[in-house]
Amino acid sequence: MRRTLLATTESFPIAGTFTISRGAKTTAEVVTCTIGGSGLSGRGECVPYARYGESVAGVLAAIEDMRGAVEDGMGREELARIMPAGAARNAIDCALWDLEAKLSGVPTSQVINAAPPRELVTAYTLSLGEPEAMQRQAAQEAGRPLLKVKVGTADDAARIRAVRAGAPESAIILDANEGWIPENLARHFAICAEARIALVEQPLPAGNDSALRGAARPVPVCADESVHQAQDVRALADRYDAINIKLDKAGGLTEALALREAAKENGLKIMVGCMVGTSLGMAPAVLLAQGADFVDLDGPLLLARDREPGLTYEGSTVYPPDAALWG
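Overview of the structure. Keep in mind that what you see is a predicted model, and the values were worked out from it rather than measured. (Residues numbered from 1 in each chain as written. Predicted model: local features only at pLDDT ≥ 70, side-chain atom pairs only at ≥ 80, totals over all residues. Heavy atoms only, no water.)

## Comments concerning the environment of Glu77
What counts is decided by this rule: To qualify as a helix, a DSSP run of H or I must reach at least 4 residues; to qualify as a strand, a run of E must reach at least 2; elements of each kind are numbered from the N terminus.
Counting through the fold element by element, Glu77 comes out in helix H3 (residues 76–82). Considering only alpha carbons, one finds Glu77 and Glu255, 178 residues apart in sequence, at a separation of 9.4 Å.

## Examining the sheet that holds strand E2 (residues 23–37)
So the rule is basically this: Pairing between strands requires that DSSP locate at least two bridges from one strand to the other. Every angle, taken between N-to-C directions, lies between 0 and 180 degrees, and every axis is a line fitted to C-alpha atoms, over only the stretch in contact when it is a helix. Here, two residues are considered to be in contact whenever any of their heavy atoms come within 4.5 Å of each other.
As summarised here, the arrangement of the three strands in space is E1-E2-E3, forming an open sheet in which the pairing is antiparallel. Lying at the two open borders of the sheet, with one neighbouring strand each, are strand E1 (4–20) and strand E3 (40–46). Averaged over neighbouring strand pairs, the angle between their axes works out to 20 degrees when direction is ignored. Along the sheet face, helix H4 (residues 87–104) touches E2 and E3 and points at about 150 degrees away from the line of E3.

## What to know about the packing of aromatic side chains
For clarity, the threshold we go by: Ring pairs are drawn from Phe, Tyr and Trp, using the six-membered ring of Trp, whenever the two centres fall within 6.5 Å, and their geometry is named by plane angle: stacked under 30 degrees, edge-to-face over 60, tilted for the rest. Burial status follows relative accessibility: with a 1.4 Å probe on protein chains alone, a residue under 20% of its type maximum counts as buried, one over 50% as exposed, and anything between as partly exposed. Criterion for a charge above a ring: Arg CZ or Lys NZ at most 6 Å from the ring centre, at most 35 degrees from the ring normal.
Overall, the coordinates contain two aromatic pairs when judged by the stated rule. Taking the centre distance of 5.2 Å and the plane angle of 75 degrees together, the rings of Tyr49 and Tyr52 count as edge-to-face. By relative accessible area, which is 23% here, Tyr52 ends up partly exposed. Where Trp180 meets Phe189, the ring centres are 6.5 Å apart and the plane angle is 70 degrees; that geometry is what we call edge-to-face. Exposure class is identical for Trp180 and Phe189. Each is buried. The lysine or arginine in question, Arg76, covers the ring of Trp97, its NZ or CZ lying 3.7 Å from the ring centre. It is Arg144 that lies over the ring of Tyr124; its NZ or CZ is 4.1 Å from the centre.

## With respect to empty space enclosed by the protein
Here is the rule we go by: Buried and open spaces are told apart on a 1 Å grid over the protein atoms alone, a cavity being a set of points where a 1.4 Å probe fits but cannot get out and a pocket being an open set with protein on both sides within 12 Å along at least five of seven lines. Residues with an atom within 4 Å of a point are the lining residues. Grid points are joined across faces, edges and corners, and a volume is the space filled by probe spheres set on the points.
With the rule as written, the count across this model stands at one cavity of 30 Å³ or more. Of the volumes computed, that of the largest cavity is approximately 120 Å³. Lining of the largest cavity is provided by 15 residues; of these, Asp248, Cys274, Met275, Gly281 and Met282 occupy positions nearest its centre. Of all the secondary-structure elements, those providing two or more residues to the lining of the largest cavity are E3, helix H10 (247–250) and helix H12 (279–288). When residues in the lining of the largest cavity are grouped by element, the largest group, three residues, is from H12.

## A look at the pairing of strand E10 (residues 242–245)
Here E10 shows no split at all, with Ala242 and Asn244 on one side and Ile243 and Ile245 on the other all buried. Pairing between strand E9 (residues 221–223) and E10: two bridges, direction parallel. Across the sheet, residue Cys222 finds its bridge partner in E10, namely Ala242. Bridge analysis of E10 against strand E11 (residues 269–272) gives four bridges, and the strand direction is parallel. Within E11, the residue paired with Ile243 across the bridge is Ile270.

## With respect to the packing of helix H7 (residues 157–166) against helix H8 (residues 182–194)
So the rule is basically this: Working definition: roughly parallel below 35 degrees, roughly antiparallel above 145 degrees, roughly perpendicular at 65 to 115 degrees, and oblique for all remaining angles.
With their axes 10 Å apart at the nearest point, H7 and H8 run at an angle of 10 degrees to one another. Taken together, the axes of H7 and H8 are roughly parallel relative to one another. Facing Ala157, Ile160 and Arg161 of H7, the residues of H8 in contact are Arg187, His188, Ile191, Cys192 and Glu194.

## Comments concerning the layout of surface pockets
As a reminder of what qualifies: Any residue outside Ala, Val, Leu, Ile, Met, Phe, Trp, Tyr, Cys, Pro, Asp, Glu, Lys and Arg is labelled polar, Gly included; the first ten of those are nonpolar and the last four are charged.
Empty space within the largest pocket amounts to approximately 480 Å³. Lining the largest pocket are 29 residues, and of these Phe18, Ile20, Lys25, Tyr49 and Met275 lie nearest its centre. Elements supplying a minimum of two residues to the lining of the largest pocket: E1, E2 and strand E6 (146–150). Counting residues per element, the lining of the largest pocket draws most heavily on E2, at five residues. Looking at the lining of the largest pocket residue by residue, the class counts come to 13 nonpolar, four polar and 12 charged. The calculated volume of the second largest pocket comes to roughly 240 Å³. Along its surface, the second largest pocket is lined by 13 residues, and Ala15, Tyr124, Thr125, Ser127 and Gln137 are the ones closest to its centre. Looking at the lining of the second largest pocket, the elements with two or more residues in it are E1, strand E5 (124–126) and helix H6 (131–140).

## Considering the sheet that holds E10
Within the open sheet, the eight strands sit side by side as E5-E6-E7-E8-E9-E10-E11-E12. Their pairing is parallel. The sheet terminates laterally at E5 and strand E12 (294–295), the two strands that pair on one side only.

## Observations concerning the nonpolar core
Stated formally: For the purposes of this section, nonpolar cores are sets of buried Ala, Val, Leu, Ile, Met, Phe, Trp, Tyr and Cys residues that join through side-chain atoms within 4.5 Å.
Counting 78 residues, the largest nonpolar core has Val149, Trp180, Ile243, Leu253, Leu297 and Trp326 as the members making the most contacts within it. Per element, the largest residue contribution to this core is seven residues, and it comes from H12. Excluding its chain neighbours within four sequence positions, the residues that come into contact with Leu253 are Asn90, Asp93, Cys94, Trp97, Thr108, Ile112, Leu247, Pro284, Leu288 and Trp326. Counting residues in hydrophobic clusters, the runner-up holds 19 residues, among them Cys46, Leu79, Met83 and Ala91.

Keep in mind these numbers describe shape, not what the thing actually does.
Take a look at the structure:
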């Protein structure tokens, strides 16, 4: 079967501004890969991330470099061998999964999970800001069962207390985005315990997180930037209690499934997260997140408009994708 490959870029406005410790943005720039064959086509979406040295132009070029191999029939396993993990491989890998499902008539959910997929409760993300503004954000979203709050400054004590005051009943994940340092770790952890924080994500920079080894962790700590592929997991098990699996980091659903198994084998909790993208990027992650301990797949909820057809969200509940969207 001879295939075709097409990579395109799209821009989706964010509702307001999305701010983390590394900066702010007002649009989500995504790359969509479409692979056609036998009159059908599969799609995958990725979000290039500057933190990992990626750009839209670079991702498009990387996908183009795979054109010959993909059009000649390369499979997902060979793709993983010859292409590094990252956003570009994610777009191709997910497009191949989608195409395989369409050609075989067997849904991806049936291939990767033992039980039919169910709706999930996703976190809803609050941007980094001054404590008063973050308390207002938290109060506005206090009806949601799970909030993910961006922090990551030298002193986040007031922010942590403010969001807890704004949403006294919600479970809260804090995402420091590598913004803390060993010297303020114990103080921040103590305040997290006081504020009944459910999980702290990537408090220290990747590659400089050894202070977590043997440290008192009164709340569970989750690796994000420190973990990309399954081979990373064993070395992190003495520093973290959970890992955040993102398709763009892992380089696709294929590697993300291996990450999920590695986490289970090493006794780590599983969080399935996302970049800020559309429902096409979230769809395979919703299937991956079946049975996860934490789900953070709110990308479309942060956009001023999503692609159509999209995932169905009811409040913080997200439903499995229809075949018209993906898989």
